[in-house]
Amino acid sequence: MSITRRETLRLGGAALGALAVPGWAAGATRTTQAAGVTPASEVALELVAATGPSVVAGQTATLWTYNGTFPGPLLRWREGDRIRLRLVNELAESTNLHLHGLHLPAAIDDPFLDVPPGGSATYAFDVPSGAAGTYWYHPHMHGRVARQLFAGLAGAIVVDGPSTDVPPLAEAEEHVLVLKDISLRRGTVAAHTPFDWMNGKEGDLVLVNGAWRPQLAPTRPLLRLRIVNAGNARYCRLLLEGHFLYQIATDGGLLESPVRRRSLLLAPGERAEVLVRLRRGGTFRLLNLPYDRGRGMGPHGHGMPMNLAPVLDAGGEPLLSIRTPHTIGRGALPQTLVPIERLAPAATAPLRRFVLSDTMMGGFTINGRRFNPDRVDERGRRGDLEVWEIENRGTMDHPFHLHTYSFQVLSLNGAAAEFAAWKDVVNLRPGDRVRLAVPLRDFGGRTVYHCHIAEHEDLGMMGVFEVT
Ligand code: C2O
Ligand code: CU
Ligand code: CU
């Protein structure tokens, strides 16, 4: 197989940049270019999963990383790019790779694939048209996801396309923020405790692109932040001091118009893009506000975990600070972004029901069952537009995620969704009922849906969905 043009510059730039500047991943910084100037190209790249020393929060620790960086290199592609991504497994155990949120056939983005130690696998695909947005990659080897992800194996993917460059977005200064928490013990990653397995493991260092409370010094008055929650279990409720967050995108790309928010909640696995209008000089902290995601089990019982108490007093934990000069000027917000197709399933559309549970006796289940890779739980027909009704009967929040087919939220607890948006993760609080429109477009195959708290997924809160 011949590769006509290697995109070594593009990839090399991202990978090196992430290492070059201590405390801030420069590779995750890029100014959006004018529309239509970059043609589709062939991109060959390699991700090597290995254990080794890496810089995290200003110290060196032994992590599990892709290409030696924490988080992994930013992968920046354009709609239509032909990707040949080779995963090389230099870990002492099996792994694989998942391209979270991209509309790819299950035969390519295969959650059942086992890449043994010393093995490799090649993921060859075209970046789908209409995919412009923010995604991420991480391992999906059942039973090993929580440990591998927590230890550092994750990175962001940005797809550019015609819609990326809507004016005045093209004027914005862009930063990709991978939010990821970790706990280090004696120079290595802290192991899971039995409580971590039930609650989902949260690390005591909450990092942005592997840095602890980095500082951003923008030079343009409009900021575009692409935010990925790559944590195992930590929820991020973001607030920027002195500013609104204008949400412009969800998991699956741009909205129709910016949505003004005081704070923004991102469950594990979720992404959002926000614009920030800088107007005056000063230093403003991006805070992670306390969020009670419920704790059915564990040392602290239900309610707020003990370790959040000091955070609450402080009104939130600083994630990064933005320092703006007095001469920053004034950024203009776009009025409209892109039109979004409204999915309107017919009354006769196939309807699936899912019940999420977490109990001391029954464990973490969907429809009362634990994951079995050899069992097909749900069968769908390619081309159908389905309705999925999901109910959380558990005691804690569970972020529900579906591979391959992005969906739209129709309603939450009977109330219609605020705005049209493409999603691949939807959070359910205890008692919540959500209705989704799920279009089974383009291809079939055997894929999965699961809770994106990585520990719950590993414990079996996952099902198999086969589309033929
Ligand atoms: Cu990000 Cu099946 O996962
Ligand atoms: Cu996924
Ligand atoms: Cu869960």
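Structure shown above.
Each chain carries its own residue numbering, running from 1 in the written order of its sequence. Think of it this way: whatever chain is written first is A, whatever ligand is written first is 1, and the rest follow in order. At least 70 in pLDDT is required for a residue's local features to be given in this predicted model, at least 80 for side-chain atom pairs to be given and counted, and no such filter applies to totals for whole chains, interfaces and linings, which use all residues. Neither water nor hydrogens contribute to the side-chain values; these are computed over all heavy atoms in the structure.

Participant: Residues and numbers for the overall build of the chain, please.
Facilitator: Counting from the N terminus, the helices are DSSP H or I runs at least four residues long and the strands are E runs at least two residues long. Helix and strand content of the chain: five helices and 33 strands. Relative accessibility thresholds used throughout: buried, under 20% of the residue-type maximum; exposed, over 50%; partly exposed, between the two (1.4 Å probe, protein chains only). Burial statistics for the chain: of 468 residues in total, 61% are counted as buried. Considering only contacts in the chain between residues 6 or more positions apart, those separated by 24 or more positions represent 80%. For the area figures, the Shrake-Rupley method with a 1.4 Å probe applies, and any residue is considered shielded solely by the protein chains shown. About 18100 Å² of surface is accessible on the chain, with carbon and sulfur atoms providing 53% of the total. Any two residues whose heavy atoms approach within 4.5 Å are treated as being in contact.

Participant: Before we move on, could you go through the nonpolar core and cite the residues and values that matter?
Facilitator: Formed by 38 residues in total, the largest nonpolar core has its most connected members in Trp77, Leu85, Leu99 and Ile182. Listed by contribution, the elements that provide at least two residues to this core are strand S2 (42-56), strand S3 (59-66), strand S4 (75-78), strand S5 (82-89), strand S7 (120-126), strand S8 (133-138), strand S9 (155-160) and strand S13 (205-208). Residue contributions to this core peak at five residues, all from S2. Residue contacts for Leu99: discarding those within four places in its chain leaves Trp77, Leu85, Leu104, Asp109, Phe125, Trp136, Tyr137 and Ile157. The next biggest cluster of nonpolar side chains, apart from the first, holds 27 residues, and it includes Tyr235, Leu356, Phe364 and Val467. Nonpolar core, defined: a set of buried Ala, Val, Leu, Ile, Met, Phe, Trp, Tyr and Cys residues in which side-chain atoms within 4.5 Å join the residues together.

Participant: Lay out the coordination of the copper ion (ligand 2) with the relevant residues and their values.
Facilitator: The protein atoms that coordinate the copper ion (ligand 2) are His98 (NE2) and His401 (NE2), at distances of 1.9 Å. Here the residue His98 occupies a position in strand S6 (residues 98-100), and His401 occupies one in strand S27 (residues 398-402), the gap between them amounting to 303 residues. Across the pair, His401 and His98 agree in class, each one buried. Donor atoms (N, O, S) are those found within 2.8 Å of the metal centre, with the cutoff raised to 3.2 Å for Na, K and Ca; water is not part of the atom list, so apparent gaps in a site can occur.

Participant: Can you lay out the packing of aromatic side chains for me, pointing to particular residues and giving the numbers?
Facilitator: Only rings of Phe, Tyr and Trp enter the pairing, Trp through its six-membered ring, and a pair is recorded when the two centres are within 6.5 Å. The plane angle decides the type: under 30 degrees is stacked, over 60 is edge-to-face, the rest tilted. Overall, the coordinates contain 13 aromatic pairs when judged by the stated rule. Measuring from ring centre to ring centre gives 5.0 Å for Trp388 and Phe465, while their planes differ by 80 degrees; the resulting arrangement is edge-to-face. With Trp388 in strand S26 (residues 385-392) and Phe465 in strand S33 (residues 462-467), the pair connects residues that are 77 residues apart, well separated along the chain. We note that Trp388, like Phe465, is buried. The rings of Phe354, Trp388, Phe400, Tyr405, Tyr449 and Phe465 are connected pair by pair, giving a single aromatic cluster. The ring of Phe244 carries the charged tip of Arg260 above its face, separated from the ring centre by 4.0 Å. Criterion for a charge above a ring: Arg CZ or Lys NZ at most 6 Å from the ring centre, at most 35 degrees from the ring normal. Here the guanidinium or amino end of Arg262 rests over the ring plane of Phe244, the centre of that ring lying 5.7 Å away.

Participant: How would you sum up the coordination of the copper ion (ligand 3)? Please name residues and give values.
Facilitator: Around the copper ion (ligand 3), the protein contributes the donor atoms His398 (ND1), Cys451 (SG) and His456 (ND1), at 2.0 to 2.1 Å from the metal centre. Each donor residue of the copper ion (ligand 3) belongs to the same chain, with the gaps between them written as H-x52-C-x4-H. Taken together, the residues His398 in strand S27 and Cys451 in strand S32 (residues 445-451) connect sequence positions 53 residues apart. Under the relative-accessibility criterion, Cys451 is labelled buried at 3%.

Participant: With reference to specific residues and values, describe the sheet that holds strand S23 (residues 351-359).
Facilitator: Through backbone hydrogen bonds, the strands of a sheet pair up, either in parallel or in antiparallel fashion. The mixed open sheet is built from six strands, whose spatial order is S24-S23-S26-S31-S28-S29. Looking at which strands have only one partner, the edges of the open sheet turn out to be strand S24 (363-366) and strand S29 (415-416). Pairing between two strands is assigned when DSSP locates at least 2 bridges connecting them. Bridging between S26 and strand S31 (residues 433-439) involves seven bridges; their strand directions are antiparallel. Following the sheet pairing, Glu386 is matched in S31 by Val438.

Participant: Describe unusual backbone geometry, listing the residues and the values that go with them.
Facilitator: Note: most peptide bonds trans; most residues except glycine with negative phi. Geometrically, the link from Phe70 to Pro71 is a cis peptide bond, its omega value of -10 degrees lying close to zero. In the segment running from Pro167 into Pro168, the intervening peptide bond is cis, with an omega of 0 degrees. Considering the arrangement of structural elements, one finds Pro168 in the loop between S9 and strand S10 (173-182). Even without a glycine there, the phi angle at Asn367 is positive, about 50 degrees. Checked against the element boundaries, Asn367 lands in the loop between S24 and strand S25 (378-380). A relative accessible area of 32% means that Asn367 is categorised as partly exposed. Unlike most non-glycine residues, Asp442 shows phi in positive territory, near 75 degrees. When you line up the elements, Asp442 lands in the loop between S31 and S32.

Participant: Any details on the sheet that holds S9? Residues and values, ideally.
Facilitator: The strand order S4-S9-S8-S6 describes an open sheet built from four strands, whose pairing is mixed. Of all the strands in the sheet, the pair left with one neighbour each is S4 and S6. Averaged over all adjacent pairs, the angle separating strand axes in this sheet is 25 degrees, with direction ignored. Axis geometry follows a simple rule: fit a line to the C-alpha atoms, using only the stretch in contact for helices, then measure angles between N-to-C directions, giving values from 0 to 180 degrees.

Participant: Now, about the pattern of salt bridges: what can you tell me, with residues and values included?
Facilitator: When a carboxyl oxygen of Asp or Glu lies within 4 Å of a side-chain nitrogen of Lys or Arg, that pair is called a salt bridge. Counting across every chain of the model gives 35 salt bridges. As a salt-bridge pair, Glu386 and Arg352 come within 2.6 Å of each other at their nearest N and O atoms. Of this pair, Glu386 sits in strand S26 while Arg352 sits in strand S23; the two residues are 34 residues apart in sequence, bridging distant segments of the chain. Side by side, Glu386 and Arg352 carry an identical accessibility label, which is buried. A salt bridge links Asp377 to Arg375, with the shortest nitrogen-to-oxygen separation between them at 2.7 Å. Since its relative accessible area comes to 22%, Arg375 is described here as partly exposed.

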